Amino acid sequence: MKIVLVGYMGSGKTTVGQLLAEKLNMDFLDLDDYIETQLNTKIPDIFKEKGEIFFRKAEHQYLQEVLEKQDALVLATGGGTPCYSGNMDLINSKTENVFYLKLSIPGLIERLYKEKEHRPLIKHLADEDLPEFIGKHLFERSPFYAISKHTIVAGARTADEIANEILEKLV
Ligand SMILES: Nc1ncnc2c1ncn2[C@@H]1O[C@H](COP(=O)(O)OP(=O)(O)OP(=O)(O)O)[C@@H](O)[C@H]1O
Ligand SMILES: O=C(O)C1=C[C@@H](O)[C@@H](O)[C@H](O)C1
Ligand SMILES: [Mg+2]
C-alpha cells in the first residue's frame, strides 16, 4: 500500500506522515529529505546554487523513483510537489490513498511565522509580508492540492486525530 500526503508548507505532512507510518508499521519517506540525501545538499542551498527549476526537475525525478521502488510506503511530498511536472497525475496513477492536508491561511501563517528559515520560498520575507504571500500562493496552489482523492481538514486538530482519520479512509 502506498499513502501520499500533500499540502502547503507547514500543513503537517511530515508530522502526520511519520505518525501514520508508525501506526501502520510501514516505512516513512519525506521527499524533501530524500532529495537532500540524494543531492547531498540542503534544499535552501539547492535553490540558491542551482535555482528553483533545477529543484523542480530533481523533485519530479525523485518522486518517480520513490513511487517505483517501494510498494509499502507513507510518502510526505514537498509543499510545491503537486504543482509541477504533472506530479499529481503521476501520484494518482500509483495509488488512491492521496490525502490533502488542508489548513486555513491564518493557521498556516501561525505555524510558518516560527519556521521560515529552512523554507527558501518564504525565508526572505518580513513577517508582515507573510499573510499576503501565503494567501496568494495558496490561491494558486489549491487547485493542484484539490486533485487529491481525499481532503482532510487539518486545522485545530492533533496530528494523532488527523492520522486516525486517514486510517479510516485507506483502501
Ligand atoms: N496537527 C498539528 N497540530 C499542531 N501543530 C502541528 C500539527 N501538525 C504539525 N504541526 C507543527 O507544524 C509545523 C509544520 O509541520 P510539518 O513540518 O509536519 O509540516 P510540512 O507539511 O511537512 O511542512 P513542509 O512542507 O515545509 O515540509 C511543525 O512545527 C509541526 O510540529
Ligand atoms: O512549497 C514549496 O514549493 C516547497 C516546500 C518544501 O517542502 C520544499 O520542497 C521546498 O522548500 C519548496
Ligand atoms: Mg515536511
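Note that the structure is a prediction, hence the values are computed from the model and not measured.

Novice: Describe the site of ligand 1, listing the residues and the values that go with them.
Specialist: If you check the shell around ligand 1, you find 19 residues, and the closest are Gly 12, Lys 13, Thr 14, Thr 15 and Gly 79. Secondary structure elements with two or more residues in the shell around ligand 1: α1 (13-24) and α8 (159-169). Sort the elements by how many residues they give to the shell around ligand 1 and α1 lands first, with three residues. A class-by-class count of the residues in the shell around ligand 1 yields four nonpolar, nine polar and six charged.

Novice: Which residues make up helix α4 (residues 52-69), and what are the values?
Specialist: Every α-helix carries 3.6 residues per turn, so stepping three or four residues along brings you back to the same face. Its 18 residues place the ends of α4 25 Å apart at the C-alpha level, agreeing with the 26 Å of an ideal helix rising 1.5 Å per residue. For α4, the full list of buried residues reads Phe 55, Glu 59, Leu 63 and Leu 67. Along the axis of α4, the buried residues cluster in a sector spanning 90°; they form a single face. Facing away from the buried side of α4, by more than 90 degrees, are the exposed residues Ile 53, Gln 61, Glu 68 and Lys 69. Summarising the contacts, the buried residues of α4 are in contact with β1 (2-6), α2 (31-39), α3 (43-50) and α5 (87-94).

Novice: Describe the UniProt feature "binding site: ATP" (unreviewed entry) in the protein chain, and please don't skip the residues or the numbers.
Specialist: Mapped onto the present numbering, the UniProt feature "binding site: ATP" (unreviewed entry) falls on Gly 10, Ser 11, Gly 12, Lys 13, Thr 14, Thr 15, Arg 119 and Arg 157. Of the residues just listed, which span 148 residues, the most distant C-alpha pair is 23.5 Å apart, and they do not cluster in one region. Within the secondary structure, Gly 10 is located in the loop between β1 and α1. Excluding residues that lie within four positions of it along the chain, Gly 10 makes contacts with Leu 108, Arg 111, Leu 112 and Glu 115. Here Thr 14 lies in helix α1. The class for Thr 14 is partly exposed, based on 17 C-beta atoms found within 10 Å. Apart from the residues within four sequence positions on either side, Thr 14 is in contact with Asp 30 and Ala 76.

Novice: Residues and numbers for the site of ligand 2, please.
Specialist: Close to ligand 2 lie Met 9, Asp 32, Ile 43, Gly 78, Gly 79, Gly 80, Arg 119, Pro 120 and Leu 121. Here the shell around ligand 2 is built from residues that sort into four nonpolar, three polar and two charged.

Novice: How would you sum up the UniProt feature "binding site: substrate" (unreviewed entry) in the protein chain? Please name residues and give values.
Specialist: With numbering matched to this structure, UniProt assigns "binding site: substrate" (unreviewed entry) to Asp 32, Arg 56, Gly 79 and Arg 141. Looking at the element boundaries, Arg 56 is found in helix α4. With 17 C-beta atoms counted inside 10 Å, the residue Arg 56 sits in the partly exposed group. When neighbours within four sequence positions are excluded, Arg 56 is seen to be in contact with Tyr 84 and Ser 85. Overall, Arg 141 belongs to the partly exposed group, with 18 C-beta atoms counted inside 10 Å.

Thresholds applied
The written sequence of each chain sets the order in which its residues are numbered from 1. Just so you know, chain letters begin at A and ligand numbers begin at 1, following the order they were written in. Local features in a predicted model are, by the rule used here, given only for residues with pLDDT of at least 70; side-chain atom pairs are given and counted only at 80 or more, and totals for whole chains, interfaces and linings are based on all residues. In this text, near has one meaning. A residue is near a molecule or strand if its C-beta atom, placed using the backbone, is within 6 Å of it. A helix here means a DSSP run of H or I that spans at least four residues, while a strand means a run of E at least two residues long, and both kinds are numbered starting from the N terminus. All residues other than Ala, Val, Leu, Ile, Met, Phe, Trp, Tyr, Cys, Pro, Asp, Glu, Lys and Arg, Gly among them, are scored as polar; the first ten of these are nonpolar and the last four charged. Expected span, for any helix, means 1.5 Å times one less than how many residues it has. Buried residues are those with 20 or more other C-beta atoms within 10 Å of their own C-beta, exposed residues have 12 or fewer, and partly exposed residues lie in between; C-beta atoms are placed from the backbone. Of all possible arcs, the one meant is that of the directions from the helix axis to the C-beta atoms. Contact between two residues is assigned whenever their backbone-derived C-beta positions fall within 7 Å. UniProt positions are given in the numbering used here, feature names are shortened, and annotations may be inferred rather than shown by experiment.

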